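Now for the letters of each chain:
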Amino acid sequence: MLPIVGYTNKLTVEPGETIDVMVSSFGANRYRADFRQIIQGDTNPDGPGYKDRLIDLDLGSDRTAVAKPFRPGSCVIVPGLEALPRIRDFTLAAVVKPTLLDGRNRCVVSLPGFAEIGIDEHDRLTGLAGDHALVTSTRLSVDHWHIVSLSYCAATQNLSLSVVKDLDASSEPPLPETVTVKADLPPGELTQCVIAATRDSDGELAGFLDGKIDRPAFFDTALDPNNLRNLLADFAQLRRQRSLLGAWDFSCKMTTQTICDVSPYQLHGQIHNAPTRAMTGWLWKGQELDWKLRPDLYSAIHFHSTDMYDAGWEVDFSLTIPDDLKSGVYSVRLVPDGDEDAAYYCVFAVRPPRNRASGNTVAFLFPTCSYMAYANHRLGMDVPGTEIGMGRAVELDRHHMFLQDNPGIGFSVYETHDDETGVFHSSRLRPIVDLQPKVKSFLGGYGSNIWQFNADTHILGWLDAIDQDYDVITDEDMHADGLRLLQRYNVILTGTHPEYYTGNMVEAMQGFTDRGGRLMYLGGNGFYWVVSFNEDMPGIMECRRSEAGIRPWEPGHGQFYHGFTGEYGGLWRRNGHPPNHLCGVGMTSQGFDISEPYVVSPEAANPRVGFIFDGVEGQKIGDFGLAGGGAAGLEVDRADPTQGTPDHALVLASSTRHTDIYLMTPEDLLDPTPDWSGTQADIIRADLTFFETIGGGAVFSTGSIAWAGSMAWNGYDNEISKMTENVLRRFDDKTPFEYP
Amino acid sequence: MARYQITETDIPFAREFLAQPIGYHSPGLQRVLNRMRGADWEFKYILVVEERYAKWRLGRLAKKRGAKVEMVENVIYTDLLEAERDIFKRRWKDLTGQDVETLLSQTS
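**Things to note about the overall build of chain A**
So, point 1. In terms of helices and strands, chain A carries 13 helices and 45 strands.
So, point 2. Seen through its C-alpha atoms, chain A measures out along the principal axes to roughly 95 × 60 × 50 Å.
So, point 3. Put simply, chain A has 740 residues, and 65% of those count as buried.
So, point 4. In chain A, the share of contacts with a sequence separation of at least 24, taken over all contacts with a separation of at least 6, comes to 74%.
So, point 5. One finds the centroid of the 60 positive side-chain charges in chain A at a distance of 4 Å from the centroid of its 100 negative side-chain charges.

Right, dumping it as structure tokens:
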């Protein structure tokens, strides 16, 4: 378990900049903080040994550890309703499609303290106003949209709750069920409208809905539920209704946090905790698949009680990065109650200054997009079949036990919400408990079994071991600064698994190699999924896994375009940027049990690549390692001209066999015959690949996540380490490579 | 319900697994393991890391997200391969009602 956890407001910071640290106790009474450079995070006794470096920076004395909760759940909050005329008669309405009915009370739309429409523990619609509670006999269904309303007429004293299922199978609109009671309600004292949640007696958000809501609206008259259907279906007509007090069109300002009121009152709201926008609405029947072309059909928001954007914890302390601190991967270490073994590491990158180059010619690309994609992932816990892919039992490290106890921390894009729809968003504005040194994982192979950040420290440790100066730049830096940043360097090294890329990142990296830059892709399954950032919401990332790829869920029909940018989600391979263009290889298979050596190919004898093999003997390389016992494994890439591998690329070595846990990727498995497995299919292999670029640059790709685990074998003294160093030294020499 | 059911005819694969728990497996053993490790489970045995790379405790993880991990009392491993063998035997018993060690001794 983790007695203390924390996060920072940024994952990349430059010297002289200030970074905030947010901390919560999960059992700790007090803590102290120090500042460390992370060198090598693997604690495997067969590895090179854990290593960090204490930086002399005063982070203050002992502090009290204060418990702060996770508050997941998304909704819309519309403030300013006190500006409306005092309300007697009213109708509160919405179109709703719940996606999880599990016996919990949920709210559809609420005017806190005045009226609300909800769903009770028996899946029935409920209405509350004053002291009156109404309930329908109709049970809501996850299979249908429902037009719901609560209305009051002071003259008749009728308070009515109405529901009608919108049955696609019926050509005639079914009749609503309406329940009515007599009530004498006082005029409304309104402050705000909350959509998909309500306020509890303490004023906290509560009753979060799992489901879609479309076009909630509020009127100053009691409307006949038979008329509501036509009214709500036509926003253009609705906005001229003189009784209209507010109607929220979720298809407006789709890429922002803003929710637009189409009524003349302009009661605009804000989303809370990043629910999913650009989702098919009530009127979507397959007319269009791209929300940008028919946003009116994408007027729904999908809310989840498990959504999490910003944990929102108060800042415990801030630190200013010293002006002379060299770029690297650093951590604010939180030591609870003097127990160093229980320390929590808030990891981030100190990037080089924005306005001037550091002088370093080598940069490690800290893959923050991929770290965010996997942030707090629960693959070994929630996902059936992970154990088959691992080929062994799941290990739960203490951060996994913390995740199990605290699902409110929010998910990675590998999980589904409780309604089994995919998690499209991951945020760094919350603790990411697997972005730490020392942690074990699920997918790292027999041996060290480490993944993503901690596996990448094998590369950081190697750079330290060979005395190579380097800068650390992040995906976010590359996304924002593009080639302006990359062009400072002769060589960019990737991490072990740079899987998630934005369009800006792909363009920047391609521009870098096209113009003479040298790329060392030291991983597998890189440049695979499309992700996007949101200019209105720093720190959150979207991923919609359309059509193909090894994916734990699909986004749902008609929902393949990202809400943040309008980009078509899915594989870069299907979006005109196959990874083979960038690095010569592309994802071909995965398995997480054991890894294999590479067998040297005849192409390795080409004089163009003689420098790589300087001092390396034998036809089999990398028959050792901390990640599954070989240099080729976990996730492996193949060279493939049909996917864009340059014709002049040389495949220097390949793995020649894998276990039958390694299977074909779905995008390549057009006809699923039973011979597409590691002992049978030649296509399942890692190809060690090299090619020159027309601008005098070059690319070296390992096509294997396990490569770095072999670099770290025997204290970095081995042929894989030697080859990698050979490449680095030549790549760092500005002498242009000759295009063959 | 998983289609494949483990029976006494799979005993050779148990022998194969206990000799080499991790790595290359015959198709028959892989099928047995797929049944044990696949989606058809209400709980799965997991290894709770007590000391990294040195000591593990056996636990049972329920399918429901956020469920409390149930620790199996007094089961501690200091070797991952031994843990794999023990979990295999437990699952065999859970799925067939039979003790794999007894079956192995009868067929050796």
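**Focus on the overall build of chain B**
So, point 1. Each helix and strand counted, chain B has four helices and three strands in total.
So, point 2. Its helices and strands taken in sequence order, chain B reads α-α-β-β-β-α-α from the N to the C terminus.
So, point 3. Its C-alpha atoms give chain B a radius of gyration of 14 Å, near enough to 13 Å, the size a compact globule of 108 residues would have.
So, point 4. Seen along its three principal axes, the alpha-carbon backbone of chain B occupies a region of about 35 × 30 × 25 Å.
So, point 5. Within chain B, buried positions represent 45% of all 108 residues.
So, point 6. Once local pairs closer than 6 in sequence are excluded, the contacts in chain B between residues at least 24 apart make up 44%.
So, point 7. Of the roughly 5,600 Å² of accessible surface on chain B, 49% is carried by carbon and sulfur atoms.
So, point 8. Computed over 19 positive and 16 negative side-chain charges, the inter-centroid distance for chain B is 6 Å.

**Topic: the sheet that holds strand 25 (residues 317-320) of chain A**
Within a sheet, each strand pairs with its neighbour through backbone hydrogen bonds, oriented either parallel or antiparallel.
All names here are of chain A.
So, point 1. Strands sit in the order 1-3-25 across an open sheet of three strands; the sheet is antiparallel. For this open sheet the edge positions go to strand 1 (4-8) and strand 25, each flanked by a neighbour on one side alone. When strand polarity is set aside, the average angle formed by the axes of neighbouring strands in this sheet is 25°.
So, point 2. Here strand 1 runs beside strand 3 (residues 18-25); their pairing, made up of five bridges, is antiparallel. By the bridge assignment, Thr-8 is partnered in strand 3 with Val-21.

**Section: the interface of chain A and chain B**
So, point 1. At the junction of the two partners, chain A supplies 45 residues and chain B supplies 30 residues.
So, point 2. Regarding the contact of chain A and chain B, the summed buried area is about 3,200 Å², with carbon and sulfur atoms giving 55% of it.
So, point 3. The tally of links between chain A and chain B comes to six salt bridges.
So, point 4. Here Arg-91 of chain B makes a salt bridge to Glu-387 of chain A, at a shortest N to O gap of 2.8 Å.
So, point 5. There are 17 residue pairs in polar contact (both at pLDDT 80 or more) connecting chain A and chain B.
So, point 6. The set of elements that each furnish at least two residues to the side of chain A that touches chain B consists of helix 4 (379-382), helix 5 (386-390), strand 29 (395-396), helix 6 (398-405) and strand 38 (585-596) of chain A.
So, point 7. Here the side of chain A that touches chain B takes four residues from helix 6 of chain A, the largest share from any one element.
So, point 8. Examined bridge by bridge, strand 29 of chain A and strand 1 (residues 43-51) of chain B share two bridges and lie parallel to one another. Each residue of the ladder has a partner; that of Leu-396 of chain A, found in strand 1 of chain B, is Val-48 of chain B.

**A few points about the environment of Gly-410 of chain A**
Residues and elements named next belong to chain A.
So, point 1. Mapped onto the secondary structure, Gly-410 falls in the loop between helix 6 and strand 30 (425-427).
So, point 2. Considering only alpha carbons, one finds Gly-410 and Arg-430, 20 residues apart in sequence, at a separation of 8.3 Å.
So, point 3. Excluding its chain neighbours within four sequence positions, the residues that come into contact with Gly-410 are Thr-306, Met-308, Asn-376 and Arg-430.

**Re the packing of aromatic side chains**
So, point 1. Evaluation of the coordinates by the stated rule reveals 36 aromatic pairs over all chains.
So, point 2. Residues Tyr-374 of chain A and Tyr-414 of chain A carry aromatic rings whose centres are separated by 4.3 Å and whose planes lie at 25° to one another, so their mutual orientation is stacked. One end of the pair, Tyr-374 of chain A, is in the loop between helix 3 (368-373) and helix 4; the other, Tyr-414 of chain A, is in the loop between helix 6 and strand 30, and 40 residues separate them in sequence. We note that Tyr-374 of chain A, like Tyr-414 of chain A, is buried.
So, point 3. Taking 6.3 Å as the distance between ring centres and 85° as the angle between the ring planes, the aromatic pair formed by Tyr-414 of chain A and Tyr-500 of chain A counts as edge-to-face. Separated by 86 residues along the polypeptide, Tyr-414 of chain A in the loop between helix 6 and strand 30 and Tyr-500 of chain A in strand 33 (residues 500-501) bring together distant segments of the chain. Comparing Tyr-414 of chain A with Tyr-500 of chain A shows no difference in burial state: the two are buried.
So, point 4. Members of the aromatic cluster, joined through ring pairs, are Tyr-7, Phe-26, Phe-70, Trp-313 and Phe-402 of chain A.
So, point 5. Lying across the ring of Trp-529 of chain A, Arg-545 of chain A places its NZ or CZ 4.9 Å from the centre.
So, point 6. Its guanidinium or amino end placed over the ring of Tyr-24 of chain B, Arg-657 of chain A lies 3.7 Å from that ring's centre, counting from NZ or CZ.

**Looking at the packing of helix 2 (residues 27-37) of chain B against helix 3 (residues 80-96) of chain B**
Residue and element names in this part refer to chain B.
So, point 1. Packing of helix 2 against helix 3 leaves a shortest axis separation of 11 Å and a crossing angle of 75°. In terms of orientation, helix 2 lies roughly perpendicular with respect to helix 3. On helix 3, the residues touching Leu-29, Val-32, Leu-33, Arg-35, Met-36 and Arg-37 of helix 2 are Glu-84, Phe-88, Arg-91, Trp-92 and Leu-95.
So, point 2. A class-by-class count of the residues in the contact of helix 2 with helix 3 yields seven nonpolar, no polar and four charged.

**Some points on the pattern of salt bridges**
So, point 1. Across all of its chains, the model carries 52 salt bridges over all chains by this definition.
So, point 2. Between Glu-340 of chain A and Arg-32 of chain A there is a salt bridge, with the nearest N and O atoms lying 3.0 Å from each other. With Glu-340 of chain A in the loop between strand 26 (328-336) and strand 27 (344-350) and Arg-32 of chain A in strand 4 (residues 30-40), this pair connects stretches of sequence that are 308 residues apart.
So, point 3. We classify Arg-32 of chain A as partly exposed; its relative accessible area is 29%.
So, point 4. In this structure, the salt-bridge partner of Arg-65 of chain B is Asp-418 of chain A, at a minimum N-O distance of 2.7 Å.

**Observations regarding the sheet that holds strand 34 (residues 518-521) of chain A**
All names here are of chain A.
So, point 1. Ordered in space as 31-28-32-34-45-44-42-39-40, the nine strands form an open sheet in which the pairing is mixed. Here the strands that pair on one side only, and so sit at the sheet edges, are strand 31 (471-474) and strand 40 (620-621).
So, point 2. With four bridges connecting them, strand 44 (residues 687-692) and strand 45 (residues 698-701) associate as antiparallel partners. Bridge pairing links Glu-692 to Ala-698 in strand 45.

**Let's talk about helix 1 (residues 225-233) of chain A**
Residues and elements named next belong to chain A.
So, point 1. Buried residues of helix 1: Pro-225, Leu-228, Leu-231 and Leu-232, and no others. Buried residues of helix 1, seen end-on, are gathered within an arc of 95° and therefore sit on one face of the element.
So, point 2. On its buried face, helix 1 sits against strand 8 (90-98), strand 13 (145-153), strand 14 (158-166), strand 15 (177-182), strand 19 (211-219) and helix 2 (235-238).
So, point 3. Its side-chain oxygen at 2.8 Å from the backbone nitrogen of Asn-226, Asp-224 defines the N-terminal cap of helix 1.

**Regarding the nonpolar core**
Residues and elements named next belong to chain A.
So, point 1. With 96 residues, the main nonpolar core has Phe-35, Phe-317, Val-332, Leu-334, Ile-492 and Tyr-500 as its most contacted residues.
So, point 2. Of the residues forming this core, the biggest block, five residues, is contributed by helix 10 (residues 503-514).
So, point 3. Each residue touching Val-332, except ones within four places of it in the same chain, is listed here: Val-21, Ala-33, Asp-34, Phe-35, Leu-59, Phe-317, Leu-319, Tyr-344, Tyr-345, Cys-346 and Phe-348.
So, point 4. Residues Ile-432, Ile-459, Tyr-716 and Phe-737 belong to the second largest nonpolar core, which totals 59 residues.

**Some remarks on the state of the cysteines**
Residues and elements named next belong to chain A.
So, point 1. Evaluated as defined, the whole model comprises zero disulfides over all chains.
So, point 2. Of all cysteine sulfurs in the structure, the one in Cys-369 sits closest to Cys-583, which takes part in no disulfide; the separation is 16 Å.
So, point 3. Classification of Cys-583 as buried rests on a relative accessible area of 1%.

About the criteria used
Residues numbered from 1 in each chain as written. Chains lettered and ligands numbered in written order. Predicted model: local features only at pLDDT ≥ 70, side-chain atom pairs only at ≥ 80, totals over all residues. Heavy atoms only, no water. Helix = DSSP H or I, 4+ residues; strand = E, 2+ residues; numbered from the N terminus. Buried < 20%, exposed > 50% of the residue type's maximum accessible area, 1.4 Å probe, protein only. Contact = heavy atoms within 4.5 Å. Lys, Arg positive; Asp, Glu negative; His and termini not counted. Charge placed at Lys NZ, Arg CZ, Asp CG, Glu CD. Rg over C-alpha atoms; globule rule 2.2 N^0.38 Å. Areas by Shrake-Rupley, 256 points an atom, 1.4 Å probe, with all protein chains shown as cover. Pairing = 2+ DSSP bridges. Axes fitted to C-alpha atoms, helices over the stretch in contact; angles between N-to-C directions. Buried area = accessible area lost by both parts, 1.4 Å probe. Salt bridge = Lys/Arg side-chain N within 4 Å of Asp/Glu carboxyl O. Polar contact = N/O pair within 3.5 Å; in protein donor to acceptor, adjacent residues only side chain to side chain. Phe/Tyr/Trp six-rings, centres within 6.5 Å; stacked < 30°, edge-to-face > 60°. Lys NZ or Arg CZ within 6 Å of the ring centre and 35° of its normal. Parallel < 35°, antiparallel > 145°, perpendicular 65-115°, else oblique. Nonpolar A, V, L, I, M, F, W, Y, C, P; charged D, E, K, R; others polar. Arc of directions from axis to C-beta. Core = buried A, V, L, I, M, F, W, Y, C linked by side-chain atoms within 4.5 Å. Disulfide = S-S within 2.5 Å.

Geometry only, nothing functional implied.
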